[in-house]
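# Fold and contact review
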Amino acid sequence: MATGWNRDHVSRGITQGWKISQEDFVENYDPSVLPGVTYLLYEIKWNHRRRTWQRWICSAGGKHAEMYFLEDVYRKLRSNPFVHCSITCYISWSPCGYCCEEIMDFLEKMPNLNLVIYVARLYYHKEETNREGLWNLENIGVSIQVMDLPDYNYCWTTFVDDEDKDEDEDDYWPRHFAPWIMLYSLELQSILQNIPSCLEISSDENYTPVFSLCVEDEEQKKALTSASPY
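Cut-offs used in this document
Residues numbered from 1 in each chain as written. Predicted model: local features only at pLDDT ≥ 70, side-chain atom pairs only at ≥ 80, totals over all residues. Heavy atoms only, no water. Helix = DSSP H or I, 4+ residues; strand = E, 2+ residues; numbered from the N terminus. Contact = heavy atoms within 4.5 Å. Areas by Shrake-Rupley, 256 points an atom, 1.4 Å probe, with all protein chains shown as cover. 1 Å grid on protein atoms, 1.4 Å probe; cavity = no way out; pocket = protein on both sides within 12 Å on 5 of 7 lines; lining within 4 Å. Points joined across faces, edges and corners; volume = space filled by probe spheres on them. Nonpolar A, V, L, I, M, F, W, Y, C, P; charged D, E, K, R; others polar. Phe/Tyr/Trp six-rings, centres within 6.5 Å; stacked < 30°, edge-to-face > 60°. Buried < 20%, exposed > 50% of the residue type's maximum accessible area, 1.4 Å probe, protein only. Salt bridge = Lys/Arg side-chain N within 4 Å of Asp/Glu carboxyl O. Axes fitted to C-alpha atoms, helices over the stretch in contact; angles between N-to-C directions. Parallel < 35°, antiparallel > 145°, perpendicular 65-115°, else oblique.

Right, let's get into the overall build of the protein chain. On a plain count of helices and strands, the protein chain comes out with seven helices and eight strands. Here the contacts in the protein chain between residues at least 6 apart in sequence split such that 73% fall between residues at least 24 apart. Of the roughly 11900 Å² of accessible surface on the protein chain, 47% is carried by carbon and sulfur atoms.

Here the focus is the layout of surface pockets. Roughly 410 Å³ of volume is contained in the largest pocket. Pro35, Trp93, Leu122, Tyr123 and Tyr124 are the residues nearest the centre of the largest pocket, which is lined by 21 residues in total. When residues of the lining of the largest pocket are traced back to their parent elements, those giving at least two are α2 (65-77) and β7 (199-203). When its residues are assigned to classes, the lining of the largest pocket shows 12 nonpolar, six polar and three charged.

Taken as a whole and assessed by the stated rule, the structure comprises 15 aromatic pairs. An angle of 65° between the planes, with centres 5.8 Å apart, marks the rings of Phe25 and Tyr172 as edge-to-face. One end of the pair, Phe25, is in helix α1 (residues 22-28); the other, Tyr172, is in the loop between α5 (149-159) and α6 (178-192), and 147 residues separate them in sequence. Across the pair, Tyr172 and Phe25 agree in class, each one buried. Arranged with centres 6.0 Å apart and planes meeting at 40°, the rings of Tyr90 and Tyr154 form a pair that is tilted. Note that Tyr90 is positioned in strand β4 (residues 85-91) and Tyr154 in helix α5, a separation of 64 residues in sequence. A residue is classified by how much of its surface remains accessible, and Tyr154, at 28% relative accessible area, is partly exposed. One aromatic cluster is present, formed by Phe25, Tyr29, Tyr152, Trp156, Tyr172 and Phe177 through successive ring pairs.

Here the focus is the environment of Ser212. The residue Ser212 is located in strand β8 (residues 209-213) in this model. By relative accessible area, which is 34% here, Ser212 ends up partly exposed. Once the C-alpha coordinates of Ser212 and Leu199 are considered, the two residues, 13 residues apart in sequence, prove to be 6.0 Å apart.

The next subject is the pattern of salt bridges. For side chains bearing opposite charge, pairing can occur when the charged atoms are close. Under the defined criterion, the tally for this structure stands at seven salt bridges. Its salt-bridge partner being Asp105, residue Lys109 comes within 3.0 Å of it at the nearest N-O pair. A residue pair is termed a helical-turn pair when its members lie 3 or 4 positions apart in one helix, as Lys109 and Asp105 do in helix α3 (residues 97-109) at four residues. Judged by relative accessible area, Lys109 falls into the partly exposed class, the value being 38%. Of the residues examined, Asp105 reaches a relative accessible area of 5% and is grouped as buried. Taken together, the shared-partner salt bridges connect Arg55, Asp72 and Arg75 into one network.

At a minimum axis distance of 8 Å, the contact between helix α4 (residues 128-139) and α6 shows a crossing angle of 75°. For the element pair α4 / α6, the angle class is roughly perpendicular. Residue-level contacts link Arg131, Leu134, Trp135 and Glu138 of α4 to Glu187, Leu188, Ser190, Ile191 and Leu192 of α6.

With that settled, the discussion passes to unusual backbone geometry. Backbone phi values are negative for most residues with the exception of glycine, while trans is the configuration of most peptide bonds. Not every positive phi belongs to a glycine, and Tyr124 is a case in point at roughly 40°. With respect to the helices and strands, the residue Tyr124 is situated in the loop between β5 (113-119) and α4. Since its relative accessible area comes to 52%, Tyr124 is described here as exposed. Despite not being glycine, Asn194 has its phi angle at roughly 60°, a positive value. Considering the arrangement of structural elements, one finds Asn194 in the loop between α6 and β7.

As structure tokens, then:
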């Protein structure tokens, strides 16, 4: 596998920081739309420390946010690759097949790192390389889930800049996201259970994305029903 993340220099073209603006978070983590960039929020927790390391990253210059993330984490952990820690990511798009390979390569070199990934939407979910990549990640022990309402609220209180919030916006519970959360959750389960895709995404005359559920047979229906989060 390639090791594009294994670098000593500071990445060029990267947009990152600790706190994300309210506008960027709301626009890019809304699962009903299909933005052209990827945002990645993450935190590292060490078993022997109370303090966590939190950052956000945005894709830039044609390079995926996951690659910047791996470079960032590698610089943080390279002095002790066997340290026991956990990383939780909240990504606006799921990793593509290539990024999944890079993540697996990274985890091979960090044997005591536990990785959990939450995604707002699935990236080109019908492409076999992307489906296979997510399946492979899950099968080496990476937890992959679609962001639910508590996850949105956690990101809001943890990663969104307080200066951008109004006084009555301490919490964020976008209940109108529920239909898209359900659709993406079912599609993710179809990927992880290695059954045919059930999610169709098209566009209307105004180029607004249109989502629909397509279940082809009873076996697929049973599998998805048992996996439904609602």
